[in-house]
Amino acid sequence: MKRKELSSIEREALLMALLSQLLREEISSGQVLRQLRREVLGMSQTQYAELVGISRRSLSDLEADKASPTLSLLNQVFRPLGLQTGLVPRNRQLRERLLSVEPPSA
């Protein structure tokens, strides 16, 4: 079965939903990586591993949350998806507040 191409609006909505779930600790960074690789890029692990310059096994371990990656490696694997690692509050309540804050008007 062929994968349905997502529109730019659908891709952005998926990205925002996954990042929100990640910040709420409902899913892991590996799950985010796997879902974005499959649904946004439509790439196999082998294809994506070649794209980012790591082994397929390393990518598999990252997606299964079996690895202890460096920040550099996380940036390397998330870069094609338009993401980079960053700092977020460890306290869940602070993260929730951060997610609910409206951005300032321009």
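Given the structure is predicted, the values throughout are model-derived calculations rather than measurements.

Examining the overall build of the protein
When you go through the protein residue by residue, the secondary structure sums to six helices and zero strands. Dimensions of the protein, computed from the C-alpha atoms along their principal axes, are close to 40 × 35 × 25 Å. When burial is assessed residue by residue, the protein has 26% of its 106 residues classed as buried. Excluding contacts between residues fewer than 6 apart, the proportion of contacts in the protein whose partners are at least 24 apart in sequence is 52%. When the 16 basic and 12 acidic side-chain charges of the protein are each reduced to a single mean position, those positions are 4 Å apart.

Here's the deal with unusual backbone geometry
Backbone phi values are negative for most residues with the exception of glycine, while trans is the configuration of most peptide bonds. Phi is positive for Glu25, which is not a glycine, with a value near 60°. With respect to the secondary-structure elements, Glu25 resides in the loop between helix H1 (8–23) and helix H2 (29–41). Glu25 gets classed as exposed once you look at its relative accessible area, which sits at 53%. We note that Asp65 has phi near 55°; this positive angle belongs to a residue other than glycine. With respect to the helices and strands, Asp65 occurs in the loop between helix H4 (56–63) and helix H5 (71–78). What makes Asp65 partly exposed here is its relative accessible area of 40%.

What about the environment of Thr85?
Note on placement: Thr85 falls in the loop between H5 and helix H6 (92–100). Between the C-alpha atom of Thr85 and that of Ser72, which follows or precedes it by 13 residues, the distance is 8.8 Å. Setting aside residues up to four positions removed in sequence, Thr85 forms contacts with Leu71, Leu74 and Asn75.

Considerations on the packing of H1 against H2
Each pair of packed helices gets described by two things: the angle between the helix axes and the distance between those axes. Closest axis-to-axis distance for the H1/H2 pair is 10 Å, and the angle between their directions is 170°. Considered as vectors, H1 and H2 are oriented roughly antiparallel to each other. Here H1 contributes Arg11, Leu14, Leu15, Leu18 and Leu22 to the contact with H2, which in turn contributes Ser29, Val32, Gln35, Leu36, Glu39 and Val40. A class-by-class count of the residues in the contact of H1 with H2 yields seven nonpolar, two polar and two charged.

Describing the layout of surface pockets
The calculated volume of the largest pocket comes to roughly 590 Å³. Along its surface, the largest pocket is lined by 16 residues, and Leu22, Gln84, Thr85, Gly86 and Val88 are the ones closest to its centre. At the level of secondary structure, the elements contributing two or more residues to the lining of the largest pocket comprise H1, H2 and H5. Its residues assigned to classes, the lining of the largest pocket comprises 10 nonpolar, four polar and two charged. As a volume, the second largest pocket reaches approximately 180 Å³. As for the second largest pocket, its lining consists of Met16, Leu19, Ser20, Leu23, Arg24, Leu98 and Leu99.

What counts and how
Residues numbered from 1 in each chain as written. Predicted model: local features only at pLDDT ≥ 70, side-chain atom pairs only at ≥ 80, totals over all residues. Heavy atoms only, no water. Helix = DSSP H or I, 4+ residues; strand = E, 2+ residues; numbered from the N terminus. Buried < 20%, exposed > 50% of the residue type's maximum accessible area, 1.4 Å probe, protein only. Contact = heavy atoms within 4.5 Å. Lys, Arg positive; Asp, Glu negative; His and termini not counted. Charge placed at Lys NZ, Arg CZ, Asp CG, Glu CD. Axes fitted to C-alpha atoms, helices over the stretch in contact; angles between N-to-C directions. Parallel < 35°, antiparallel > 145°, perpendicular 65-115°, else oblique. Nonpolar A, V, L, I, M, F, W, Y, C, P; charged D, E, K, R; others polar. 1 Å grid on protein atoms, 1.4 Å probe; cavity = no way out; pocket = protein on both sides within 12 Å on 5 of 7 lines; lining within 4 Å. Points joined across faces, edges and corners; volume = space filled by probe spheres on them.

Interpretation note: all reported values are geometric properties and have no functional meaning in isolation.
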